[in-house]
Amino acid sequence: MYMHSIPESDVCSSAKVEPTFGPVAGGTHVTVTGPCDVIDLQLGQVILRSVPRLSRNTSDQNIFETLPVIKPESFPISARFMTSSGLVTLSLGLNFTFRANPIIKDIQPKTLS
């Protein structure tokens, strides 16, 4: 019988987050990679929803989608992990920065060929 080992919390704090910025409109897919399975990703006090995995090969990734915010600002990133000590919330030592929504000024080419 296969037994999945549950990591120590200090191992989970090495998780990587990309990207660490997105538009205030929300919708940015934030990917968390590392040795631990992320239960929740939080930006400040807001818990992000998980995006379903498209492939079974992404077992080391957890993808979350940002929600809209009112104005550009930064929030600390933390995550909840299941560890050998139980469910633990850890600061990842990073901030997620919401930037102004992009403005499209021009589109090229002007006509379809």
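One can find the structure itself at the top, above this paragraph.
What you see is a predicted model; the values in this text were computed from it and never measured.

Participant: Even after reading the chapter, I still don't get the overall build of the chain, so can you show me in this structure?
Facilitator: The helix and strand tally for the chain stands at one helix and eight strands. In the chain, the succession of helices and strands from N to C terminus is α-β-β-β-β-β-β-β-β. The buried share of the chain, taken over its 113 residues, is 28%. Sequence-distant contacts, at least 24 apart, represent 62% of the contacts inside the chain between residues at least 6 apart. Split by element, the accessible area of the chain, about 7900 Å² in all, is 57% carbon and sulfur.

Participant: Would you mind going over the environment of Val30 with me for this structure?
Facilitator: You can see Val30 is positioned in strand β3 (residues 29–33). Leave out the neighbours within four places in its chain, and Val30 touches Val17, Glu18, Pro19, Leu41, Asn62, Ile63, Phe64, Thr66 and Phe96.

Participant: I keep staring at the pattern of salt bridges and nothing clicks. Help me out?
Facilitator: Oppositely charged side chains can form a pair if their charged atoms are brought close together. Taken as a whole and assessed by the stated rule, the structure comprises three salt bridges. The partner of Arg80 in a salt bridge is Asp40, and the shortest N-O contact between them spans 2.4 Å. Placement of the pair is Arg80 in strand β7 (residues 73–83) and Asp40 in strand β4 (residues 38–43), with a sequence separation of 40 residues. Looking at Asp40, the relative accessible area reads 14%, which means it is buried. Here Asp106 ties to Lys110 by a salt bridge, and the two come within 2.2 Å at their closest N and O atoms. The exposure class of Asp106 is partly exposed, given its relative accessible area of 45%.

Participant: Honestly, the pairing of β4 in this entry has me stumped. Any pointers?
Facilitator: Side-chain direction in a regular strand flips from residue to residue, so the side chains alternate between the two faces of the sheet. In terms of burial, β4 is a largely internal element, five of the six residues being buried. In this sheet, β7 lies alongside β4 in antiparallel orientation, the contact comprising five bridges. Bridging from a neighbouring strand, Gln42 pairs with Ser78 of β7. Relative to strand β5 (residues 46–50), β4 runs antiparallel, the two being bridged by three bridges. The partner of Leu43 across the bridge, within β5, is Val46. Taking the residues that link successive antiparallel strands as the turn, the β4-β5 hairpin has two residues, and the phi of Gly44 there is positive, at about 65°.

Participant: What is the right way to read a nonpolar patch on the surface from this model?
Facilitator: Together, Ile39, Met82 and Leu87 line one region of the surface with nonpolar side chains, adding up to about 250 Å² of accessible area. Judged by its relative accessible area of 36%, Ile39 falls in the partly exposed class.

Participant: I tried to follow the state of the cysteines on my own but got confused; where do I start?
Facilitator: Chemically, a disulfide is nothing more than a covalent bond linking the sulfur atoms of two cysteines. Scanning all chains against the criterion turns up one disulfide. Covalent S-S linkage joins Cys12 and Cys36, the inter-sulfur distance amounting to 2.1 Å. Here the S-S torsion is close to -90°, and the disulfide linking Cys12 with Cys36 is therefore left-handed. Taken as a pair, Cys12 in helix α1 (residues 9–12) and Cys36 in the loop between β3 and β4 lie far apart in primary sequence, 24 residues in all. Both residues of the pair, Cys12 and Cys36, belong to the buried class.

Analysis parameters
Residues numbered from 1 in each chain as written. Predicted model: local features only at pLDDT ≥ 70, side-chain atom pairs only at ≥ 80, totals over all residues. Heavy atoms only, no water. Helix = DSSP H or I, 4+ residues; strand = E, 2+ residues; numbered from the N terminus. Buried < 20%, exposed > 50% of the residue type's maximum accessible area, 1.4 Å probe, protein only. Contact = heavy atoms within 4.5 Å. Areas by Shrake-Rupley, 256 points an atom, 1.4 Å probe, with all protein chains shown as cover. Salt bridge = Lys/Arg side-chain N within 4 Å of Asp/Glu carboxyl O. Pairing = 2+ DSSP bridges. Patch = residues over 30% accessible without salt bridge, like charges linked within 9 Å, V, L, I, M, F, W, Y side chains within 5 Å. Disulfide = S-S within 2.5 Å.

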